[in-house]
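A structural walkthrough
Read off the chains here:
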Amino acid sequence: MGAAVAVLVLLAVLGPLSAVLWRAEGVTALGPPDLSAIRFTIWQAILSALFSVALAVPVARALARRRFAGRATLIELMGAPFILPVIVAVLGLLAIFGRRGVLNAGLGAVGLPGIEIYGLHGVVLAHVFFNLPLAVRLLLQGWLAIPAERFRLAATLGFTSRDIARHMEWPMLRTVAPGAFLVIFLICTTSFAVALILGGGPRATTVELAIYQAFRYEFDLGRAALLGLVQVAICIVAGAMVLWVRVPGGMGTGLDRPVERYDGQGRLTRFVDGTAIALAALFLLLPILAVLLKGAAGLWALPGTVWQAALRSILLSLATAGVAVTLSLPMAMLIAKGRVKGLLETIGALTIAVSPLVIGTGLFLMLRPYMAPQSSALPVTGLVNALAALPFLLRALVPAIEEAEAGYGRLAESLGMSGWQRMRHVLLPRIRRALGFSAGLAAAMSMGDLGVITLFAAPQQGTLPLEMFRLMGSFRTHDAQAAAVLLLALSLGLFWIFDRGGRVNAAT
Amino acid sequence: MLRLETVSRSFDGFRLHADLAVARGARLAVLGPSGGGKTTLLNMIAGFLRPDSGKVWIDGQDVTDWPVPDRPLSLLFQEGNLFPHLSAFDNVALGVVPSLRLHEADRAAVAQALQQVGLSGLADRTPGDLSGGQRSRVALARMLLRDKPLALLDEPFAALDPGLRREMLALVGELCAAQGLTLVMVSHELRDAERLCTDLCLLEDGAVTLNGALAPMLEAPPPALTPWL
């Protein structure tokens, strides 16, 4: 069962990829615009990763050594960008940093020239917004992994903050930070929605965006396919580097193990830490708050098309969650058994390397002879979203299954339970929480997705994020803000319902 | 040398109460079951925990409110005494100055401490390239070099095999005697106490149930001590 699913996933990724390959054959060379897209993709990803990790250092350090009310909530919230729709966050960033945003109003009031958010720095800003929390969580894990005795030892030896930084924190960062940098670099190379809204033009087009433009505007399938291959190559190189440095997982729980600290009690370090935490919290929360404040009032005046799109999105998300869990559970069970673990995990991670837009393009090429592309838009989007969620779901499910098996596998064996019985009475109850979390994650990711759907949705067939993007494009900012509130509520709501569902009466 | 004046500390429904004194140069073993309060006691002496009431005196000074680094004592943990990325030499040198900015005289002192614990040739090795016994010796060398009058040992050498453990306890005894150190060792092995200590204190359920010189207790064991024999 698990093996069959793995093969299915492999086909669902490699099939479209070969369709792309097949189609790309006729094209010989990349033009200057393509080369500049490649350069921009890599350059903005380097900058985004660099800023995210560098800014995360003081924040993670402060969170590691301070205890305050709301600390746990803040750390929890740092995990939220995974389920935050990109387009909502970008709209929030526009409200703060945009041309008519809060920041420019402030700058104008004191007579300073305004800033421009579109282009390279806007793309980097949005990427830092999304990846700073991930970087903080990854680094915080590193900090909390420093054995508690070592801090006690440091206290007895009279270490100053500087000594601790040199002998304990710097060595830790040297092992953790490169991994965090590469993961964020990888994420940013596949960035599409951010570039779609904040980038564009010859100087700020990512490869993914170029694929979209080739496909949508020029309908130059050969070029789209060739760019797709370039994108795959970039991801494979970045992905290989990530595997090579062995990145720690940043999604797990258990991030809040208390480590007693005896250092950093001075007034200056308290001030520095407080400032780092406050600035990070403001940077992450203000844009979302701005969207909520500006959008909530317009919610009831939203046009009917938006509500229809919302309904479509809900159904799509539920279907995606169903497909994603159905695909990931058998695979996770097989991985947990330990057989061909590496191979299966590689298949599960393939969808990270082969970007959703490329798979979408390939599926389009494959389906074109058989059905009208517009009628296949939603099923294709659902499938691609489910595949994109797969690596995250495997990460959540495999440890839960391993734990259930380690704890109760032998007992079930001795009672002669096998097959469906065992799954129904032992495995599923034990992994309910992970299942709920997985379904919620897949649903929320799909809810906020603004990727494949842009390739071939008909005007009356958009999902909520796409509808919102159209509203932004036609400068109906108020409607877009109201739609953003709706989208945010639906994404978080879906995640919450599934995640809760997994916890209610969950076996402990 | 060390005096715990009716100190008490409670948390999570557990309460530790102790009134103890250790003479200069004496070596006290704190024995007791897990959860009896041994580590809590040690943490209060070291300054990681503040007592709710009572006072801690070290070397004639009331250190109850002193921060950890200011207290005149050295600590030796069960493990995790060394930084894995620093050489044995640097790990010892941290006892001189954490910034590792050493004068010529400091370097000589570090080398001498390493020699005292029998590690002269291994100064450049990192902990990963040392055996368990050698790592303990590095930590001991640092303790010597810090030259604080009070040494606190938290189940030291528990990770070592019995032969090596005996050897290390003997070494600690020699070094303490040579430097005139006062010592408090938390342990759950009476045998370790026999090898090293002069006094014994039994700590059960947060209360001291036995306290005094070790030798007479071993000759005529009081009932409280029988489970540990």
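No experiment lies behind these values; they were computed from the predicted model shown.

Once that is clear, we can look at the overall build of chain B. Across its full length, chain B holds seven helices and 10 strands. In terms of overall size, chain B behaves like a compact globule, its C-alpha atoms giving a radius of gyration of 18 Å where 229 residues would be expected to give roughly 17 Å. Dimensions of chain B, computed from the C-alpha atoms along their principal axes, are close to 50 × 40 × 30 Å. Taking all 229 residues of chain B together, the buried fraction comes to 40%. Pairs at least 24 apart in sequence give 66% of the contacts found in chain B among residues at least 6 apart.

A separate point is the overall build of chain A. When its secondary structure is counted, chain A shows 21 helices and zero strands. Here the C-alpha atoms of chain A give a radius of gyration of 23 Å, agreeing with the 23 Å that 2.2 N^0.38 yields for 508 residues. For chain A, the C-alpha atoms occupy an extent of roughly 80 × 75 × 50 Å along the three principal directions.

In this complex, chain A contributes 16 residues to the contact, which on the side of chain B involves 16 residues. Of all the secondary structure elements, the ones that give two or more residues to the side of chain A that touches chain B are α7 (148-156) and α8 (161-189) of chain A. In terms of residue count, the dominant contributor to the side of chain A that touches chain B is α7(A) (six residues). The residue inventory of the side of chain A that touches chain B, partitioned by class, reads seven nonpolar, four polar and five charged.

To continue, consider unusual backbone geometry. All names here are of chain B. In this structure, aspartate 59 takes a positive phi of about 55° despite not being glycine. Looking at the element boundaries, aspartate 59 is found in the loop between β4 (53-58) and β5 (61-62). Positive phi is not limited to glycine here, since glutamate 155 has a value of about 40°.

Let's shift gears to the environment of Ala56(A). All names here are of chain A. Inspection of the secondary structure puts alanine 56 in helix α2 (residues 32-65). With 90 residues separating them in the primary sequence, alanine 56 and isoleucine 146 have C-alpha atoms 17 Å apart. Ignoring anything within four residues of it in the chain, the contact list for alanine 56 reads Leu132, Ala135, Val136 and Leu139.

Okay, the confidence of the model for chain A next. Residues and elements named next belong to chain A. Chain-level pLDDT for chain A is 85 on average; 95% of the residues reach the 70-or-more range. Mean pLDDT across the elements of chain A bottoms out in helix α14 (residues 341-353) (76) and peaks in α2 (93). Considering only residues more than four positions removed or in separate chains, one finds that residues 250-256, a stretch of pLDDT under 50, has 14 contacts.

Further remarks concern the packing of helix α13 (residues 304-336) of chain A against helix α18 (residues 432-448) of chain A. Residue and element names in this part refer to chain A. The interhelical angle for the contact between α13 and α18, taken along N-to-C directions, is 135°, at an axis separation of 8 Å. One finds that α13 runs oblique with respect to α18. Handedness of the crossing formed by α13 with α18: right-handed. Along its contact with α13, which presents Ser313, Leu316, Ser317, Leu318, Thr320, Ala321, Ala324, Val325 and Ser328, the element α18 presents Leu435, Ser438, Ala439, Ala442, Ala443, Ser446 and Met447. Tallied by class, residues from the contact of α13 with α18 come to 10 nonpolar, six polar and no charged.

This brings us to the environment of Arg99(A). All names here are of chain A. Looking at where arginine 99 falls in the secondary structure, it is placed in the loop between α4 (86-97) and α5 (102-109). What makes arginine 99 exposed here is the crowd of 11 C-beta atoms within 10 Å. Along the primary structure arginine 99 and isoleucine 115 are separated by 16 residues, whereas in three dimensions their C-alpha atoms are 7.0 Å apart. Residues in contact with arginine 99, not counting those within four places in the same chain, are Asn104 and Gly114.

Judged by nonpolar contacts, the single largest core of 172 residues is most densely connected at Val90(A), Leu393(A), Leu397(A), Ala442(A) and Ala483(A). Per-element tally for this core: the top contributor is helix α16 (residues 377-414) of chain A, with 19 residues. Discounting residues that sit within four places of it in the chain, Leu393(A) has contacts with Ala324(A), Val325(A), Ser328(A), Ser438(A), Leu441(A) and Ala442(A). Counting residues in hydrophobic clusters, the runner-up holds 72 residues, among them Phe159(A), Leu144(B), Cys197(B) and Leu202(B).

Residues and elements named next belong to chain B. The side-chain alternation of strand β6 (residues 73-76) yields two buried faces, one formed by Leu73 and Leu75 and the other by Ser74 and Leu76. In this sheet, strand β7 (residues 150-154) lies alongside β6 in parallel orientation, the contact comprising four bridges. In the strand pairing of β7, leucine 76 is matched with leucine 153.

Another aspect to go through is α13(A). Look at α13(A): 47 Å from first C-alpha to last across 33 residues, which is about the 48 Å you get at 1.5 Å a residue. Immediately beyond the C-terminal end of α13(A), within one or two residues, lies Gly338(A), with a positive phi of roughly 90°.

With that settled, the discussion passes to the packing of α8(A) against helix α11 (residues 221-245) of chain A. Residue and element names in this part refer to chain A. Between α8 and α11, the shortest axis-to-axis distance is 9 Å and the interhelical angle comes to 160°. On the basis of their axis angle, the class for α8 and α11 is roughly antiparallel. In this structure, α8 meets α11 at a crossing whose hand is left-handed. Contacts between α8 and α11 involve Pro178, Gly179, Leu182, Val183, Phe185, Leu186 and Thr189 from the former and Ile234, Cys235, Ala238, Gly239, Met241, Val242 and Val245 from the latter. A breakdown of the residues in the contact of α8 with α11 according to their chemical character gives 11 nonpolar, three polar and no charged.

Moving on, we come to α14(A). All names here are of chain A. Between its terminal C-alpha atoms α14 stretches 18 Å, which fits the 18 Å expected from 13 residues at 1.5 Å a residue. Taking the largest bend as the criterion, α14 deviates by roughly 30°, centred on isoleucine 347. Buried residues of α14: Leu344, Ile347, Gly348, Leu350, Thr351, Ile352 and Ala353, and no others.

Glancing now at the pairing of strand β10 (residues 207-213) of chain B. Residue and element names in this part refer to chain B. For strand β9 (residues 199-204) and β10, the ladder comprises six bridges, and the chain directions are antiparallel. The partner of leucine 203 across the bridge, within β10, is valine 208. Counting the residues in the hairpin turn of β9 and β10 gives two residues, including aspartate 205, whose phi is positive at 50°.

The subject of this paragraph is the confidence of the model for chain B. Counting all residues, the mean pLDDT for chain B is 88, and 100% of those residues have values of 70 or more. With pTM at 0.81, the complex prediction returns an ipTM value of 0.71.

Our next topic: the environment of Ile87(A). Residue and element names in this part refer to chain A. Locating isoleucine 87 in the fold gives a position in helix α4. Taking the number of C-beta atoms within 10 Å as the measure of exposure, isoleucine 87 has 26 and is therefore buried. Between the C-alpha atoms of isoleucine 87 and valine 232, which are 145 residues apart in sequence, the distance is 24 Å. Look past the residues within four positions of isoleucine 87 in its chain and what remains in contact with it is Ala193, Ile197, Leu450, Pro465, Met468 and Phe469.

Definitions and limits used
- Every chain is numbered on its own, with residues counted from 1 as its sequence reads.
- Lettering of chains starts at A and numbering of ligands starts at 1, both following the order in which they are written.
- Two thresholds apply to this predicted model, a pLDDT of at least 70 for residue-level local features and 80 or more for giving and counting side-chain atom pairs, whereas whole-chain, interface and lining totals are computed over all residues.
- Helix and strand definitions here come from DSSP, where helices need a minimum of 4 consecutive H or I residues and strands a minimum of 2 consecutive E residues; each element is numbered from the N-terminal end.
- Only the C-alpha atoms count toward the radius of gyration. The rule for a globule is 2.2 Å times the residue count to the power 0.38.
- Partly exposed residues are those whose C-beta has more than 12 but fewer than 20 other C-beta atoms within 10 Å; with 20 or more the residue is buried, with 12 or fewer it is exposed, and the C-beta atoms are placed from the backbone.
- Two residues qualify as being in contact provided that their C-beta atoms, derived from the backbone, are within 7 Å of each other.
- Residue type decides the class: Asp, Glu, Lys and Arg count as charged, Ala, Val, Leu, Ile, Met, Phe, Trp, Tyr, Cys and Pro as nonpolar, and the leftover types, Gly among them, as polar.
- A residue's pLDDT is the predictor's confidence in that residue, given on a scale from 0 to 100.
- As a rule, the C-alpha atoms of each element are fitted with a line to give its axis, helices using only the stretch in contact, and angles between N-to-C directions run from 0 to 180 degrees.
- Relative orientations are named as follows: roughly parallel for angles under 35 degrees, roughly antiparallel for angles over 145 degrees, roughly perpendicular for angles from 65 to 115 degrees, and oblique for any other angle.
- If you view the pair so one helix is near and one far, a crossing is left-handed when the near helix is turned anticlockwise from the far one by less than a right angle, and right-handed when it is turned clockwise.
- The nonpolar core criterion groups buried Ala, Val, Leu, Ile, Met, Phe, Trp, Tyr and Cys residues into a set whenever they are joined through C-beta atoms within 7 Å.
- Two strands are counted as paired when DSSP detects at least two bridges linking them.
- What a helix is expected to span follows from its residue count: subtract one and scale by 1.5 Å.
- Two axes enter the bend calculation: one fitted to the seven residues ending at the residue in question, the other to the seven starting there, and the bend is the angle between them.

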